[in-house]
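Close look at the chain arrangement
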Protein chains: 2
Amino acid sequence: MSALPDIDAVRDAAARIAPYATVTPVLRNATLDALAGAELHFKCENLQHGGAFKFRGACNAVWSLTDEEAARGVVTHSSGNHGNALALAAATRGIAAHVVVPEGAVQAKLDAIARAGGTLHRCAPSQAAREAMCAEVQARTGAALVHPYADARVMAGQGTIALELLRQVPALDALITPVGGGGLAAGVAIAAHALRPELALFGAEPAGADDAARSLAAGTRVTSVAPDTLCDGLRALVGEPNLAALRAQRVEVITVSDAEAIAAMRLLWSELKQVVEVSSATVLAAILGQPGRFAGRRVGVVLTGGNVDLDALPWFA
Amino acid sequence: MSALPDIDAVRDAAARIAPYATVTPVLRNATLDALAGAELHFKCENLQHGGAFKFRGACNAVWSLTDEEAARGVVTHSSGNHGNALALAAATRGIAAHVVVPEGAVQAKLDAIARAGGTLHRCAPSQAAREAMCAEVQARTGAALVHPYADARVMAGQGTIALELLRQVPALDALITPVGGGGLAAGVAIAAHALRPELALFGAEPAGADDAARSLAAGTRVTSVAPDTLCDGLRALVGEPNLAALRAQRVEVITVSDAEAIAAMRLLWSELKQVVEVSSATVLAAILGQPGRFAGRRVGVVLTGGNVDLDALPWFA
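Rules used in this analysis
- Sequence order as written defines the numbering, with residues in each chain counted from 1.
- Starting at A for chains and at 1 for ligands, labels are handed out in the order in which the entities are written.
- Given that this is a predicted model, residues contribute local features only at a pLDDT of at least 70 and side-chain atom pairs are listed and counted only at 80 or more, while totals for whole chains, interfaces and linings are drawn from all residues.
- With hydrogens and water excluded, all non-hydrogen atoms of the structure serve as input to the side-chain values.
- For this analysis, residues touch if any pair of their heavy atoms sits within 4.5 Å.
- Here the quantity called buried area is the total loss of accessible area, with a 1.4 Å probe, experienced by two parts when brought into contact, counted for both.
- Should a side-chain nitrogen of Lys or Arg be within 4 Å of a carboxyl oxygen of Asp or Glu, the pair is scored as a salt bridge.
- N or O atoms within 3.5 Å of each other form a polar contact, as long as, within protein, one can give a hydrogen and the other can take it, and as long as residues adjacent in sequence are counted only when both atoms are side-chain atoms.
- A run of H or I in DSSP counts as a helix once it spans at least four residues, and a run of E counts as a strand once it spans at least two, with each numbered from the N terminus.
- Each residue is assigned to one class: nonpolar for Ala, Val, Leu, Ile, Met, Phe, Trp, Tyr, Cys and Pro, charged for Asp, Glu, Lys and Arg, and polar for all the others, Gly among them.
- We place the copies in one frame by least squares, fitting the C-alpha atoms of every residue whose pLDDT is at least 70 in both.
- Note on method: axes are straight lines fitted to C-alpha atoms, helices fitted across the in-contact stretch only, with angles between N-to-C directions ranging 0 to 180 degrees.
- Throughout this description, any angle smaller than 35 degrees is read as roughly parallel, any larger than 145 degrees as roughly antiparallel, any in the 65 to 115 degree range as roughly perpendicular, and the remainder as oblique.
- Only when DSSP finds a minimum of two bridges between them are two strands counted as paired.
- Each Phe, Tyr or Trp ring (for Trp, its six-membered ring) is paired with any other whose centre lies within 6.5 Å, and the angle between the two planes then decides the class: stacked below 30 degrees, edge-to-face above 60, tilted in between.
- Only protein chains enter the area calculation, which uses a 1.4 Å probe; residues under 20% of their type maximum are buried, those over 50% are exposed, and those in between are partly exposed.
- Take the residue count of a helix, subtract one, and multiply by 1.5 Å to get its expected span.
- Summarising the geometry, the arc corresponds to the directions from the helix axis toward the C-beta atoms.

1. Looking at the interface of chain B and chain A
In this assembly, 21 residues from chain B lie in contact with 21 residues from chain A. Area buried by chain B at its contact with chain A is led by Lys-273, Leu-310 and Phe-316 of chain B, which between them contribute 35% of it. Applying the counting criterion to the chain B and chain A interface returns two salt bridges. The salt bridge partner of Arg-266 of chain B is Asp-311 of chain A, with a shortest N-O separation of 2.9 Å. Here chain B and chain A share 11 residue pairs in polar contact (both at pLDDT 80 or more) between them. Counting residues per element, the side of chain B that touches chain A draws most heavily on helix α12 (residues 258-270) of chain B, at three residues. Taken together, the residues of the side of chain B that touches chain A break down into 10 nonpolar, six polar and five charged.

2. Remarks on the relation of the copies chain B and chain A
You can overlay chain B on chain A at an RMSD of 0.0 Å; the transform is a turn of 180° with a shift of 0.0 Å along its axis. Here the two chains are linked by the operation of a two-fold rotation axis. Residue Gln-274 of chain B of chain B places its C-alpha closer to the rotation axis than any other residue of that unit, at 2.6 Å. A shared binding surface is used by both copies, with 100% of the interface residues of chain B retained as interface residues in chain A.

3. Overview of the packing of helix α12 (residues 258-270) of chain A against helix α13 (residues 278-289) of chain A
Residues and elements named next belong to chain A. Closest axis-to-axis distance for the α12/α13 pair is 7 Å, and the angle between their directions is 100°. Relative to α13, α12 is oriented roughly perpendicular. In contact with Glu-260, Ala-261, Ile-262, Ala-264, Met-265, Leu-267 and Leu-268 of α12, α13 contributes Val-278, Ala-281, Thr-282, Leu-284, Ala-285 and Leu-288. Of the residues contributing to the contact of α12 with α13, the split by class is 11 nonpolar, one polar and one charged.

4. Quick look at the pattern of salt bridges
It is possible for side chains of opposite charge to pair when their charged atoms get near one another. Residues and elements named next belong to chain A. Under the criterion given, the structure shown has 22 salt bridges over all chains. In this structure, Arg-196 engages Glu-198 in a salt bridge whose closest nitrogen and oxygen atoms are separated by 2.7 Å. Salt bridges sharing common partners tie together Lys-43, Glu-45, Arg-56 and Glu-164.

5. What to know about the sheet that holds strand β9 (residues 252-256) of chain B
Residue and element names in this part refer to chain B. Here six strands make up an open sheet; going across it, the order is β1-β2-β10-β7-β8-β9 and the pairing mixed. Where the open sheet ends on each side, the last strands, each with one partner, are β1 (26-27) and β9. Across five bridges, the pairing between strand β8 (residues 200-206) and β9 is parallel. In the strand pairing of β9, Pro-206 is matched with Val-256. Running at roughly 140° to strand β7 (residues 174-178), helix α13 (residues 278-289) makes contact with β2 (39-44), β7, β8, β9 and β10 (298-303) of the sheet.

6. Focus: the packing of aromatic side chains
Following the criterion strictly, the structure yields 10 aromatic pairs over all chains and no others. Measuring from centroid to centroid gives 4.6 Å for Phe-202 of chain A and Phe-294 of chain A, while their planes differ by 55°, and the two rings are tilted. In this pair, Phe-202 of chain A sits in strand β8 (residues 200-206) while Phe-294 of chain A sits in helix α14 (residues 291-294), placing the two residues 92 residues apart along the sequence. Comparing Phe-202 of chain A with Phe-294 of chain A, the two get one shared label, buried. Where Trp-269 of chain A meets Trp-315 of chain A, the ring centres are 5.2 Å apart and the plane angle is 90°; that geometry is what we call edge-to-face. Here Trp-269 of chain A is found in helix α12, whereas its partner Trp-315 of chain A is found in the segment after β10 (298-303), with 46 residues between them in sequence. Residue class for Trp-269 of chain A comes out buried when judged on its relative accessible area of 0%. Three or more aromatic residues joined by ring pairs make a cluster, and in this case those are Trp-269, Trp-315 and Phe-316 of chain A together with Trp-269, Trp-315 and Phe-316 of chain B.

7. Focus on α12 of chain B
The α-helix advances 3.6 residues per turn, and as a result positions three or four apart in sequence lie on the same side. Here α12 of chain B contains 13 residues, and its C-alpha end-to-end distance of 18 Å stays within 8% of the 18 Å for a straight helix at 1.5 Å per residue. When we look at burial in α12 of chain B, the residues that qualify are Ala-261, Ile-262, Ala-264, Met-265, Leu-268 and Trp-269 of chain B. For α12 of chain B, the angular spread of the buried residues around the axis is 165°, confining them to a single face. The secondary structure elements touched by the buried residues of α12 of chain B are α12 of chain A together with α2 (30-36), β2, β9, α13 and β10 of chain B.

8. Considerations on the sheet that holds strand β3 (residues 74-77) of chain A
Residues and elements named next belong to chain A. Overall, parallel pairing links the four strands, which are arranged β5-β4-β3-β6 in an open sheet. The open sheet has two edge strands, β5 (119-123) and β6 (144-145), and neither has a second partner. As paired elements, strand β4 (residues 97-102) and β5 share five bridges and run parallel to each other. Bridge pairing links Pro-102 to Cys-123 in β5. Along the sheet face, helix α6 (residues 107-115) touches β4 and β5 and points at about 145° away from the line of β5.

Below you can see the structure in the form of structure tokens.
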């Protein structure tokens, strides 16, 4: 298996996940268009099965396994949405899902993983601890690792968003996704550019976890960033293959402050009427913070998830 | 003009508002289906222009005026969403909108009316005070009154929801809307039964403003109910023609407590990822509170609006 998917892999993924995934709607809003000075087409992956785009990649990975592999289950580490997605995807095939979760993950997301039938394994909130615990579970159960982003099957699954969005809104000029580990950003960039090479591609990253922006600027993967952001879905360091894809597809990464992301989240709730996570709102924050880059353009805006703790909204923090 | 619209009036309304209104999506959710033991099809009027279904009726009324009538503007009284809708509808025709608002209306809704270009006129929070102020503005300006619900043009506009929903989901068994003044409930009932006479029709009403339920039980309009509910969109007494329509169409009204409505609102936010008002959530509360009536059925559920003060969420009250 190659480190990066191509457009055929994305097309195969689309066929594989079609029986299980939701074709999410694209919403428009006049107030937000006026604020942005652009035509915004919001791809609502908060309405995806499990409340986040992650189901696409997880589902593609689960249904890419042979029957023999599948019988031993799957394992991953995730701060929440990918774990939930993998548990849901495993349930569609009737196999076990082990999810390693760092201390400090959002409780609502852990509850969802358990409800979906996933087995939780807790670890310290570091990349090293996650990977060690994951390896241990893998050794014990023989489960197949489905990495949250540095996995070609996962990237191909996330890339199906671009296929779907460009079918729903063919005439886009630009497309923006959040950037965490880079599974979504890489998959979407590869698929979008295969279909529309002239499309301008953007990523939005929290300033407190700006390793992708730094890595692209430095020309090499910067691993020294200690994530410090409310955007819990975007704390992961960008993966090595993911970074390579962002570079190859000339994705421009825009950083936003947590305050900008929270303000954009409120706008998405109050105007678009969508419950989205603060990580999701980074894309609107980036557009509003850099109006020159988007003015007058038709922009596809991927809203990644809506799994929020309604008792801990960031504007009350 | 007759007191109640017929299906032709609803079809005319659909054609009249088509250039301005949004064809709102219908959303499904596996978790809510499982909770309800039914197949729920949520018609998302929180995604309508102005954030509520009210735009349909207001827009139909505004575009039903002759040029001469329209030149003198329109006037109404409204606790919020209808006023906002009328201001937005008036703006589509470039005419003035006067909105009489009771003290205590939700600030976010008043702000929206002003932003839409409406002129606010404040009055005491009683039906009598609203009507007196409305009459005064009407006498002074010559503006045409567009009553929020006891108006055949408004009911016809709201009824377009049923046309649209039955086109999107033809095989419904039942349909439920909230009941306030009854403009939505009457318009939808008339249109739905004209197309599908066997459809079971339900209304959801807050127990603290249960005048429609009492009126249907008593066989005569009960006007003694003093509204005491958080559901600010449903405090109006059901109109005389509206009640006649509910009776003629055999709409069964189910009452729910404010606590049940708040719990259902949280479910719609956390599971369906839709920002909806507590008034909107009465429909899900009614379904969950009366499972026997809906079990195993395909139910159209009208979510009426999403204009919420994000700083004053009811589960923090």
